[in-house]
Amino acid sequence: MKFHILTLFPEMILQGLRPGIIGRAAEKGIISLNAVNIRDYTEERHGKVDDYPYGGGAGMLLQAQPVYVAHRAVTGGRRVRTIYMTPQGVPLTQKTVRELAGEEELIFLCGHYEGIDERVLEEIVTDSISIGDYVLTGGELAAMVVIDAVSRLVPGVLGNEDSPEEESFFNDLLEYPQYSRPESWHGKSVPAVLLSGNHREVAAWRLEEARKRTALRRPDLYERYQETQRLIRQLSKDKRNNIHMMESLARGKGEILYADAGNGMKNAAIYDGSCRTAMLTAGDAGSGRRLAELLPAETERVLVSQAFLEEILEEKQYRPSCRYRQVLYPQRTVLPVKHKDIRRLGMESYEYVCARYCDGTGDAGRQGEARRTGVNRQYVKERILAGAVYGIFVEEEPVGFGGYHADGGLGMLYLEENSRRKGLGTSLEAYIINRMLERGWIPYGHVEADNMPAMGLQEKLGLYFAAKTYCRMEKTLANEGQVC
Ligand code: ADE
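Nothing here was measured: the structure is a model prediction, and the numbers come from that model.

K.L.:
Would you mind going over empty space enclosed by the protein with me for this structure?
P.N.:
Rolled over the atoms, a probe sized like a water molecule indicates the empty space that remains. Counted under the stated rule, the structure contains one cavity of 30 Å³ or more. Size it by volume and the largest cavity reaches roughly 30 Å³. In this structure, the largest cavity is lined by Asn 241, Asn 242, His 244, Met 245, Leu 280, Thr 281, Ser 305, Lys 468 and Tyr 470. Within the residue set of the lining of the largest cavity, elements represented by two or more residues are helix H9 (239–250), strand E12 (277–281) and strand E20 (464–475). Of the residues assigned to the lining of the largest cavity, the class counts are three nonpolar, five polar and one charged.

K.L.:
What should I look at first to understand helix H4 (residues 94–101) in this one?
P.N.:
Count 3.6 residues to each turn of an α-helix, and residues three or four apart come out pointing the same way. For H4, the set of buried residues is Val 97, Glu 99 and Leu 100. Looking straight down H4, one finds its buried side chains confined to an arc of 165 degrees; they lie on one side. Residues of H4 that are buried sit in contact with strand E5 (82–91), strand E6 (105–110), strand E7 (127–130) and helix H6 (140–151).

K.L.:
Whenever I open this one, the packing of aromatic side chains confuses me. Can you help?
P.N.:
Each pair of aromatic rings is reported with the distance of its centres and the angle of its planes. One pass over the full model with this rule turns up eight aromatic pairs. Centroid distance Tyr 390 to Tyr 431: 5.6 Å. Interplanar angle 70 degrees. Geometry classified as edge-to-face. Placement of the pair is Tyr 390 in strand E16 (residues 389–394) and Tyr 431 in helix H15 (residues 424–438), with a sequence separation of 41 residues. On the basis of relative accessible area, Tyr 390 is assigned to the buried category, the value being 1%.

K.L.:
What should I look at first to understand the pairing of strand E18 (residues 410–415) in this one?
P.N.:
Within a regular strand, side chains alternate between the sheet's two faces. With five of six residues buried, E18 lies mostly within the body of the structure. Of the strand pairs in this sheet, strand E17 (residues 397–404) and E18 are connected by four bridges, and their pairing is antiparallel. By the bridge assignment, Gly 400 is partnered in E18 with Leu 415.

K.L.:
For this particular structure, what's the right way to read the nonpolar core?
P.N.:
Burial of nonpolar side chains together is a common tendency in soluble globular proteins. Of all hydrophobic cores here, the largest spans 28 residues; its most connected members are Ile 342, Tyr 390, Ile 392 and Ile 433. With eight residues, H15 is the single largest residue contributor to this core. Residue contacts for Ile 433: discarding those within four places in its chain leaves Tyr 329, Leu 335, Leu 410, Pro 443 and Leu 463.

K.L.:
Even after reading the chapter, I still don't get helix H10 (residues 285–293), so can you show me in this structure?
P.N.:
When we look at burial in H10, the residues that qualify are Ser 287, Gly 288, Leu 291 and Ala 292. Angularly, the buried residues of H10 cover 140 degrees about the axis, an arc narrow enough to put them on a single face. The exposed residues of H10 that point more than 90 degrees off its buried face are Arg 290 and Glu 293. Elements that come into contact with the buried residues of H10 comprise strand E10 (254–259), strand E11 (268–272), E12 and helix H11 (307–315). Measuring from the side-chain oxygen of the N-cap residue of H10 to the backbone nitrogen of Gly 286 gives 3.1 Å; that N-cap residue is Asp 284.

Rules used in this analysis
Residues numbered from 1 in each chain as written. Predicted model: local features only at pLDDT ≥ 70, side-chain atom pairs only at ≥ 80, totals over all residues. Heavy atoms only, no water. 1 Å grid on protein atoms, 1.4 Å probe; cavity = no way out; pocket = protein on both sides within 12 Å on 5 of 7 lines; lining within 4 Å. Points joined across faces, edges and corners; volume = space filled by probe spheres on them. Helix = DSSP H or I, 4+ residues; strand = E, 2+ residues; numbered from the N terminus. Nonpolar A, V, L, I, M, F, W, Y, C, P; charged D, E, K, R; others polar. Buried < 20%, exposed > 50% of the residue type's maximum accessible area, 1.4 Å probe, protein only. Arc of directions from axis to C-beta. Contact = heavy atoms within 4.5 Å. Phe/Tyr/Trp six-rings, centres within 6.5 Å; stacked < 30°, edge-to-face > 60°. Pairing = 2+ DSSP bridges. Core = buried A, V, L, I, M, F, W, Y, C linked by side-chain atoms within 4.5 Å. Polar contact = N/O pair within 3.5 Å; in protein donor to acceptor, adjacent residues only side chain to side chain.

This is the structure in structure tokens:
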């Protein structure tokens, strides 16, 4: 991820972000920070960049010319998302942060004085963001806040161990209270349940504390949490068919674009901005048409199980790319894993995975899906850095891999030809299911409807099949390069 910051105080940005996690990510090249001094681009003498506002008023304005030329110097005429930091902008939320984390390059424009000449804003700014209802002396601190929040979602920045995909247990809720050593401090003891070693009880206690805290401190967030929980309960009446929507919501990835209130829920639209994937279900074609209107313009793929939705989406330039069956593992019990040498893969395995998953050539086995949806190397890199890919080894040699997709479904399964039909696939999938259970997720996945060996494997593991067949609709042209 590349960040460019147009500012009068580049050293403020660099000094502010260099120490700590963000600085380390920049050193490793996972993100890049390019602080551009607007003053370097003025055509006026003595580095002058400001002037009085027409019509009078207090203070000075940043002039259009140096801002425009500095921006051109970064873009070279390309279209790059450009965010103006201003108290007049849209209030920053984690949802916006997630969405921005999906970009490859961002430009931040930091204002100073009383603002910036409106004419250049009209020409270069794509988004305006405020970090709160108060006024800072300039946009630098605000830009740093956004850069920090976006960077920690960039795969690899936090490292595999504390990847943000794993912290989504208590979405929409404030964090529960935490305690460390010593057990007793100032006469206050750590709550006994945390010392019990009973993971289930600990999780239940934390959830309850998080709920109480959120209801008390942030009733607005709590209301949204309850709305999401209500929809999850509705969807759970047909769990096998709706598990992808339920899990997207429960893991805090999907947002509700629309959902019928009450018991007879027929229509729902959920959108996951982090992988630009929408999920629709509709009671009839008229409702389906209305739901399709709600899809954000940047939506790249839509998962549907109704033929009339396919037709509606085709009118909107989406094309069917893959038909699959949905499977889920609703139990909480971990599965036995016979083969012991299974580990999370790091970037040293990148070429190995790409050669088998992306290219679809040679001994690639069933790589039809990858070929059709244009899975590329970038996606594999993103998944590995997210800590979402596991390898299976025999005598220290990799013989296959699998993981979970950006939209949350288990997949990417691959085994070398001579390692098939030996139970290794069963072990690998069971292992991934167990990792998902650890995170409090309900494991589910998608299997190509005509992939008989994969379907057999799911049955053997005790997974349940949804009755419906799903279709993944991909936006034509725009879908090259990414897949969920
Ligand atoms: N610039 C000055 N105040 C700001 C704020 N609250 N948010 C974003 N940018 C700003």
